[in-house]
Amino acid sequence: FPTRRSSDLGYRVLGVAVGHLSQVPQHQPAIGFTFVGLLAFEDPIRPEVPQAISDCLKAGIRVIMITGDHPATAQAIAGKAGLPDSGVVTGAELVAMTDEELKARIRTVGVFARIAPDHKLRIVKALKDNGDIVAMTGDGVNDAPALKAADIGIAMGFKGTDVAREASSLVLLDDNFASIVGAIRLGRRIFDNMQKAMSYILAIHIPIIGLALLPAFFPKLPLLLLPLHIVFMELIIDPVCSVAFESEQEERGIMTRPPRALNERFFGGRNMLRSILQGGLLLAMVLVVYFVTITEGHIDGEIRAITFTSLILGNIFLILTNLSRTRSFIAVLTERNYATIIILFVATGLLMAILFVPQLLALFSFRFPGYSHFGVSLIGAACMLAVFELAKLYRVRRGTSRPQSHASSPQ
């Protein structure tokens, strides 16, 4: 094939020549090469790369190709990989640009060809100057400065040099670009689950604090929470935070939402407000049950048993609704998060034992009021769950109706 046509097809083209000499000359042209022909060969992209590139684009992550190949070859390979056709910048063009020109050009260009190692460092600096989070992959000794300068340097584990691995933040063991996309997906899942666990911790401690302080402000009211009751609550809270939320699967559309803003806090005001509202609603529900039982004329032990049951049921429903921000609690239960199912089953079983075993009733300072009187606890907790699920449904529908912008995407 002609050279240009081969490059357009994504082939790398080498010229082949033969030279005869009796002794090594001082200058290579003195050998007298005879041109033989062209050698075109293909280094095919891995089959999983186009899907990985597509996932990146949906997630608001720009992928920039930097190569030493001919511009036509680079553009053809980029097209096969699924990169948008946004033009090519060569190393010679990059050298002729000022830093400001490069910063402006790099916002749109997706392929850099005929790039020397020192050009890579300049590209990374231009991206960072534009306010982007930059992840850089490389394997050679000459890639080390760019890997070190990037926010996240990713070295190849198989073919990467020791220098590249030492300069990087991460080492890719299988040298597969799709593994980077998988790591981004996993990172988003971990981040979400940590946020949900933090939200739950804040929300559940609001009713605990409120009920513990209630007798201090109103001494005539029956004492509700004793130290043993709080310990029982913590026996549910701790494994839920460390196991249940950690085991929860990723949210729907986790790889179709734009990246977080650079100035966004891990647990910002919106998350804190949501947790306070959830905890406040749970506290309000428990207080309603508390005062209803008082007006019904129950003795202190019965009041304590009914109100504590509403608190435990509310806690269980709070866990179920917070495990996912996009799926209903029914979907969460059917997705077989065994850690959550076991913890909630044990918590419910222990609550039943406390209410029906006489020795445990006495230990927790409870009195059994009769089965029918627990209906107010179940109704109150169910109403609270309905409010949480309706609010979640509203947030999901409002979020899907808004167009998503990828303007602040990392590279």
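Shown above is the structure to which this text applies.
Report follows, based on the coordinates.

Reading the values: rules and limits
Per chain, residue numbering runs from 1 following the sequence as it is written. It should be noted that, the model being predicted, local features are given only for residues of pLDDT at least 70 and side-chain atom pairs only at 80 or more, the latter also being counted only at that level, while totals for whole chains, interfaces and linings use all residues. To get the side-chain values, all heavy atoms of the structure are used, and hydrogens and water are removed first. Only runs of H or I of at least four residues qualify as helices and only runs of E of at least two qualify as strands under DSSP, and these elements are numbered from the N terminus. Under the convention used throughout, the expected extent of a helix is 1.5 Å for every residue step, that is, one less than its residue count. Note on exposure labels: buried denotes an accessible area under 20% of the residue type's maximum, exposed denotes more than 50%, and partly exposed covers the range between, all computed with a 1.4 Å probe on protein chains only. Our arc is simply the arc of the directions from the helix axis toward the C-beta atoms. We call two residues in contact whenever any of their non-hydrogen atoms come within 4.5 Å of each other. Should DSSP find at least two bridges between two strands, the strands are regarded as paired. Axes, fitted as lines to C-alpha atoms, cover a helix only where it is in contact. Angles between the N-to-C directions of the axes lie from 0 to 180 degrees.

1. Focus: helix α6 (residues 117–129)
And then number 1: The first and last C-alpha atoms of α6 sit 19 Å apart over 13 residues, in line with the 18 Å expected at 1.5 Å per residue.
And then number 2: Of the residues making up α6, those classed as buried are His 119, Lys 120, Ile 123, Val 124, Ala 126 and Leu 127. Along the long axis of α6, the arc covered by the buried residues comes to 160°, so they all point the same way. Among the exposed residues of α6, those pointing more than 90 degrees away from its buried face are Asp 118 and Asp 129.
And then number 3: In the core, the buried residues of α6 are packed alongside β3 (65–66), α4 (91–96), α5 (99–105), β5 (111–113), β6 (135–138) and α7 (144–149).
And then number 4: Immediately beyond the C-terminal end of α6, within one or two residues, lies Gly 131, with a positive phi of roughly 90°.

2. Describing the sheet that holds β5
And then number 1: Strand order in this open sheet of three strands is β3-β5-β4, and the pairing throughout is parallel. Looking along the sheet, the strands with just one partner apiece sit at the ends: β3 and β4 (88–90).
And then number 2: Bridge count for β4 against β5 is three bridges, and the pairing is parallel. Bridging from a neighbouring strand, Val 89 pairs with Phe 112 of β5.
And then number 3: Against the sheet, helix α3 (residues 71–81) touches β3, β4 and β5, its axis set at about 150° to β5.

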